[in-house]
Each structure stands twice: as C-alpha cells, then as structure tokens.
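Chain by chain, the residues:
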Amino acid sequence: MAQSRVTDFFSCRRPGSVASRVKAACRTPSPTGPSPALAPGSSRKRARPPAAPGGDQPAPPARRRLRLRDADSCPSSPAPPSPPACHSLAKKVKKTSAAAPAGQPSPLTAPQNKVPSKDTVSELQACLQRARELGACVQALKDRAQEGAEEPGPPAKGPAEQPCSEQVPAYQRFHALALPGLPGLVLPYKYQVLAEMFRSMDTIVGMLHNRSETVTFAKVKRGVQDMMCRRFEEYNVGQIKTVYPTSYCFRQERNVPTFKDSVKKSDYQLTIEPLLDQEAGGTPPQLTASRLLQRRQVFSQNLVDRVKEHHKAFLASLNPPMAVPEDQLTRWHPRFNVDDVPDIEPAKLPQPPTMEKLTTAQEVLARARSLMSPRMEKALSNAALCAAEPSSPGSPSPSLPATRASPPTVPTSALKGVPQALLERIRAKEAQKQLAQMTRRPELELRLQRLERLPELARVLRGVFVAERKPALTMEVACARMVGSCRATLSLGEMEKHLLLLAELLPDWLSLHCIRANTYIKLDKAADLASITARLARQACAEEGQ
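The text that follows walks through the structure, step by step, so that each part is easy to find. For every chain, the first residue of its written sequence is number 1, and the numbers climb from 1 along that sequence. Given that the model is predicted, a residue must reach a pLDDT of at least 70 before its local features are reported, and side-chain atom pairs must reach 80 or more before they are shown or counted; all residues, however, enter totals for whole chains, interfaces and linings. The side-chain quantities take in all heavy atoms of the structure and omit both hydrogens and water.

### Concerning the pairing of strand S2 (residues 269–274)
Counting buried positions along S2 gives five out of six residues, so the element sits mostly inside the fold. By this definition, two strands are paired if DSSP reports at least two bridges between them. Only runs of H or I of at least four residues qualify as helices and only runs of E of at least two qualify as strands under DSSP, and these elements are numbered from the N terminus. As paired elements, strand S1 (residues 248–253) and S2 share six bridges and run antiparallel to each other. Residue pairing across strands places Gln252 opposite Leu270, the latter belonging to S2. Classification of residues uses two cut-offs on accessible area relative to the type maximum, computed with a 1.4 Å probe and protein chains only: under 20% is buried, over 50% is exposed, and between them is partly exposed.

### What about unusual backbone geometry?
In the Ramachandran plot, Cys229 falls in the positive-phi region, its phi being about 55° despite a non-glycine side chain. Relative to the helices and strands, Cys229 resides in the loop between helix H9 (217–228) and helix H10 (234–243). Its identity is not glycine, yet Arg469 carries a phi of approximately 60°, on the positive side. Its location among the elements puts Arg469 in the loop between helix H16 (442–468) and strand S3 (472–474).

### Examining the packing of helix H8 (residues 189–210) against helix H11 (residues 289–316)
Angles run from 0 to 180 degrees between N-to-C directions of axes, and those axes are lines fitted to C-alpha atoms, restricted for helices to the stretch in contact. Running from N to C, H8 and H11 point in directions that differ by 160°, and their axes come no closer than 10 Å. Judged by the inter-axis angle, H8 sits roughly antiparallel to H11. For the pair H8 and H11, the crossing hand works out as right-handed. Of H11, the residues touching H8 (which contributes Tyr191, Leu194, Ala195, Phe198, Arg199 and Asp202) are Leu292, Arg295, Arg296, Phe299, Leu303, Val307 and His310. Working rule for angles: under 35 degrees goes down as roughly parallel, over 145 as roughly antiparallel, 65 to 115 as roughly perpendicular, anything else as oblique. Take the far helix as your reference; a near helix turned counterclockwise from it by less than a right angle gives a left-handed crossing, and one turned clockwise gives a right-handed crossing. Contacts are assigned to residue pairs with any non-hydrogen atoms lying within 4.5 Å of each other.

### Comments concerning the pattern of salt bridges
Salt bridge, as used here: a side-chain nitrogen of Lys or Arg that lies within 4 Å of a carboxyl oxygen of Asp or Glu. Under the defined criterion, the tally for this structure stands at 15 salt bridges. Taking the shortest distance from any N to any O, the salt bridge between Glu213 and Arg211 comes out at 3.0 Å. Overall, Arg211 belongs to the exposed group, its relative accessible area being 53%. Between Glu233 and Arg231 there is a salt bridge, with the nearest N and O atoms lying 2.8 Å from each other. Each member of the salt-bridge network shares a partner with another, and the members are Arg211, Glu213 and Lys219.

Listed below in structure tokens is the structure:
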C-alpha cells in the first residue's frame, strides 16, 4: 500500500467533485513517477525527490507549498493579495487537471510551487505594517472622541445642558420663553416660586405679629402650605434669609405655648420676628399693607440682582466678551438661558442647643459631683472613709468601739460641730429611701403619683363646689369640671380614681353617696383648706417613706 502524503488530507475539506479535482492539483509532483509500495521492514519515511537539473533555486518544502496552495485556492481568505488572479488560477488548474492523464501531474502546479520565499515574507511584513497603521489611527480617533466628551462646554450650548434637562420638567426649563408679553428681566421659575413663598410667609407673619402672638415656624409652615398648596420647609426659609437677610430675626426659644400634645412646652422651637423700623410715637411697629408691599418689592429686586450677576458672568464668557451697564439692562441676552440659573444656597438657621443625655450611672455620678460645692464633696468623702474603715479586713473585731471613738485621720474641718450619730442616721435614712425606690411595686408607684396630685385637686374641687353653689354634685359633673380646671392632663376615668382616693383618705371632708344609678359627692365647705392639704402632704410623705 502506498504511503499517504501530507497534502492528501487537505483535499478532504473540499466537498463534491471539486475536492477530487483540487486533490490532483495539490499533490506534490514527483519526477520519478508514483512511489512504489514500501516493504514491511522498510522505513516509513519517504525519500526526498532529487532536485531538478535545470532549476536555478531549490523547491520550497512541502509544508510551505501546502500553505501557498491554501491561500491561492481558498476564495474566503481574509486578505487575498489578488482575487482575480486566484480565480483565473483555479480555472486553469481545473482545465489542466481535466485534460491531463490521471497518473501525470499537472503542468501548472510545478511553476506555482516554485514561489520565492523572500517575496512572501516581504508581502506579509507589508500587510502587518499596514494593519498596525490602521490600528493606530483607530486608537487615535477613539482617544480624540473621549477627550471631546469629557471637556465641559460653554453654558450656552445645548449638549452641556442635556443632563439637567432630563431632570427638570419642560414647563420649568422653558418657563421664560412661555411668558406672555414683551421680553424683559424675567425671573427663573424657581425664583418666582421663592418670591411667592416670601409673600405668603410675610402675610402669615404679619397677621401673627400684629396681634402680639409668638410666631413659630410650625404656624408659618402650616399657613404657607395652605396658601400655596406646596411644601414649605426650613430649606426655603434659609433661601429667603440669603436673599433678604434683614427681613426676619430667627431664634431658638423654649416655653412657647403650642396647644399641641405632640410638641412639648419645654422643647425648643424656631421663632420668627420681623425686623421693622421703630415708629416715632414709641408704639410697637405693625406690618401694614404698605410695608408688606415694600418688603415684597425689595425681595423681588434682590432676586433680579442675583440673576444679573449670573448674566454678567455669561456675557464675560462670550467671544468677544460683552459688558452692559446694569442700570441700562432691559432684557437678557438671547442665548442666556434664564431657567438654568443655579439655586440659591440656604443660609444657616439657629439650631436648638444639644442637650447632654446621661445614659450610664457613671455619667450621673460625674454630673452630680460637678454640681456639688467643694465643702459638701469634702464632707461626703470623709463620711465615706469613716464608713469604710470599720469594715476593712485588716482591723480586728474587738477594736471596733475604739475605732469609732478615735478621731479620723482625715481633717474634719468641714464636719466640725456635726455629731457623728446624726451623720449615721442621715446615711441610714438615705439608704433606706433608695432601697424602697428600687423595690417599689408599680401599683404603689401609681398610688404615690396620685397622692402628689391630691393637694392641688382638693383646692380645685372646693372651687368647683363654690362656683356651682350646690351641696352635692354627681360624679360625672364633678369630674368634667375638674378636668377642665386642673393643670395636669387627666381623663375622666383618672379623675374619678383620684376622687375615690381623696374620699378614702379624708372621709370627714369628702363623702360619697350612691343613690339609684348615680354617685353623688358631698363636700364640707366649712373645713379649713390649709389643714386638709397639710394632712394630704403628711400622708404622701408617710407612704413614700415606707
């Protein structure tokens, strides 16, 4: 069996009859004819054919010839050197392979195989150089496009303003263009909204100030939001202060009546006071309609001045730059986008002071020590040393009375003249009180809170009976009258429990009578109220000490 050549596998990739034709053309020509069959013991290597006697250069090796035929016969090569020549060469190969006998090689394959290697290498190097040049040009174009996209454009160009236009609605971006009438010094949409907020805020503040009421931000916020149907926050108040700094005086105050359960009276609130000129007669100034109109005009003029500053910077950025006197300016530049003026930075408003909150026992002790006087702190330290000295592990038990009678080593100038027994009783009482507080039940704690309110409720109850001019009142009527007159916020049920406790502690002064479905209260008006309150106070102290 004849040995298979390397070039025989290349023809397997060609389907149909074309593969058989190209196979004959692509076989390596042999001048000596077909190779004989190899003996079983002979080597499998094929002998190299002798060189042609008339050839000037040696033929290229078989692998290089295979690559050259692949480049010439494949029509889908990525970079063929000459497509027309490839097609004509394929046609010639087909004709010659059809005309030649099956055992003889084609006459065209021999010249084709003798391609000089130097020309092939030079062509490949030229193609690689061209590919490198094209890659460098593409990279330069990409870098130039990226640098152009990163550079910020002038404010008058549209591409630089595209990100802002996607966020702001169109009726705000083109608000100045949609205004009726002749073009003039129009304000941006956000500036006009701020001017309307100032007008509403000034109206609310004027109403509250004219009737001598403390103006708080909570009241102004509710009124402005009702007038404008728009959110009004402290951020907008800061913008108003930036535009018109001399319009209001802002402070953080406490103990301002709010008449709200959600806001405590002890909380800090932002108060607003309009700054007005003092009148000649010494009377407190009022925010009249003429003053409101004057303040509104000043605020609008300040907004226009701010837009003029941005317009002036825009004119200076033009090529060539322009300069227009502000008193002669009647309209904005056509390329100046009024609605793209930046927002007004809010001014800082007074903030409530930070209250220190004690969370650990160590912080409480440190705060209590800072509040003590030096004399009291020294006395407590001496007392602590005296209390800790008998219980020391080194002192024997028989010497206990002698240790108590002996004077302390620490100087006792702060406790000079104070008996030691009195100090011990005070310390024992304090320890007992602290122990009672730590072990007190919730029911007893609630009873003590009610006992603390009873002296005040006794005075209110006597006033209710004097005002009603009746010897007895029903429980419902008495509770309703006391809820409206008592300083503490209590419900009807809580007030009834207080009255029952009062009748339990003072049955000779307050008595309950159940008649049918109603409970009546009868009070002794002739009794001394001072003695009644003293008895209640003693009862509260007695139960608290238990």
